[in-house]
Amino acid sequence: MRLTTLCYIERDGAYLMLHRTKKKNDQSSGKWLGVGGKFEDGESPEECMLREVREETGLTLTSYEFRGIVTFVSDCWETEYMHLFTASEYEGELCGCDEGVLEWVPIEKVYELSLWEGDRLFLKRLQKNRDFFSLKVVYEGDRLADWKFF
């Protein structure tokens, strides 16, 4: 079981997206995601997300929202419980990332990128309403086999 965070930072109608191209043995290689990563021992979801955003982008978030939990079940990877955040205020300057390329992508163009199919589901939910949610997605290989919002 893996505990992770993912944050979509918004600026001027665009999300800061990470094109995962540099990390070896990356299950998300070639995909576009928000920024985040694995919990360290003793961290809360908020502490993990803030640390990961700072490490991957150089930015310090000053305003963010905990939006949901996504449970990923896969026949290839261990089960992952991802804590999903959005943010719109930050301090600092964007820096390079050792996991891929960071790029501001207009929100309406995000769906044209190479995304996990489950990510498309929760990204639409993030844009449509502000309610906290739980989503379970089941993958067979790279194919989305089942999903359900709670």
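All figures in this text were calculated on a predicted structure; none of them were measured in a lab.

1. Let's talk about the overall build of the protein
Alright, step 1. The secondary structure content of the protein amounts to 3 helices and 9 strands.
Alright, step 2. Listed N to C, the secondary structure of the protein is β-β-β-β-α-β-β-β-α-α-β-β in terms of helices and strands.
Alright, step 3. A compact globule built from 150 residues would reach a C-alpha radius of gyration of about 15 Å, and the protein, at 14 Å, matches this within 12%.
Alright, step 4. Dimensions of the protein, computed from C-alpha atoms along their principal axes, come out at roughly 40 × 35 × 35 Å.
Alright, step 5. Buried positions account for 46% of the 150 residues belonging to the protein.
Alright, step 6. Pairs at least 24 apart in sequence give 64% of the contacts found in the protein among residues at least 6 apart.
Alright, step 7. As presented, the protein carries roughly 7,900 Å² of accessible surface, and 47% of it is formed by carbon and sulfur atoms.
Alright, step 8. Put simply, the protein has 20 plus and 29 minus side-chain charges, and the middle of one group is 5 Å from the middle of the other.

2. Details of the packing of aromatic side chains
Alright, step 1. Under the counting rule described, the total for this entry stands at 10 aromatic pairs.
Alright, step 2. Measuring from ring centre to ring centre gives 4.6 Å for Phe66 and Phe85, while their planes differ by 15°; the resulting arrangement is stacked. One end of the pair, Phe66, is in strand S5 (residues 60-74); the other, Phe85, is in strand S6 (residues 80-91), with 19 residues separating them in the sequence.
Alright, step 3. Assessed through its relative accessible area of 28%, Phe66 is described here as partly exposed.
Alright, step 4. By the ring-pair criterion, three or more aromatic residues cluster together here, those being Tyr64, Phe66, Phe85 and Phe132.
Alright, step 5. The lysine or arginine in question, Lys31, covers the ring of Trp116, its NZ or CZ lying 4.8 Å from the ring centre.

3. Observations concerning the layout of surface pockets
Alright, step 1. Estimated volume of the largest pocket: approximately 580 Å³.
Alright, step 2. Lining the largest pocket are 29 residues, with Arg2, Arg20, Gln27, Ser28 and Glu80 sitting closest to its centre.
Alright, step 3. Of all the secondary structure elements, the ones that give two or more residues to the lining of the largest pocket are strand S1 (2-11), strand S4 (35-38), helix H1 (45-57), S5 and S6.
Alright, step 4. Here the lining of the largest pocket is composed, by residue class, of 8 nonpolar, 10 polar and 11 charged.
Alright, step 5. A volume near 170 Å³ is recorded for the second largest pocket.
Alright, step 6. Along the wall of the second largest pocket there are 14 residues; nearest its centre are Glu10, Arg67, Thr86, Ala87 and Arg130.
Alright, step 7. Elements supplying a minimum of two residues to the lining of the second largest pocket: S1, S5, S6 and helix H3 (117-128).
Alright, step 8. With 4 residues, the top contributor of residues to the lining of the second largest pocket is S5.
Alright, step 9. Its residues placed into classes, the lining of the second largest pocket shows 6 nonpolar, 4 polar and 4 charged.

Cut-offs and rules
Residues numbered from 1 in each chain as written. Predicted model: local features only at pLDDT ≥ 70, side-chain atom pairs only at ≥ 80, totals over all residues. Heavy atoms only, no water. Helix = DSSP H or I, 4+ residues; strand = E, 2+ residues; numbered from the N terminus. Rg over C-alpha atoms; globule rule 2.2 N^0.38 Å. Buried < 20%, exposed > 50% of the residue type's maximum accessible area, 1.4 Å probe, protein only. Contact = heavy atoms within 4.5 Å. Areas by Shrake-Rupley, 256 points an atom, 1.4 Å probe, with all protein chains shown as cover. Lys, Arg positive; Asp, Glu negative; His and termini not counted. Charge placed at Lys NZ, Arg CZ, Asp CG, Glu CD. Phe/Tyr/Trp six-rings, centres within 6.5 Å; stacked < 30°, edge-to-face > 60°. Lys NZ or Arg CZ within 6 Å of the ring centre and 35° of its normal. 1 Å grid on protein atoms, 1.4 Å probe; cavity = no way out; pocket = protein on both sides within 12 Å on 5 of 7 lines; lining within 4 Å. Points joined across faces, edges and corners; volume = space filled by probe spheres on them. Nonpolar A, V, L, I, M, F, W, Y, C, P; charged D, E, K, R; others polar.

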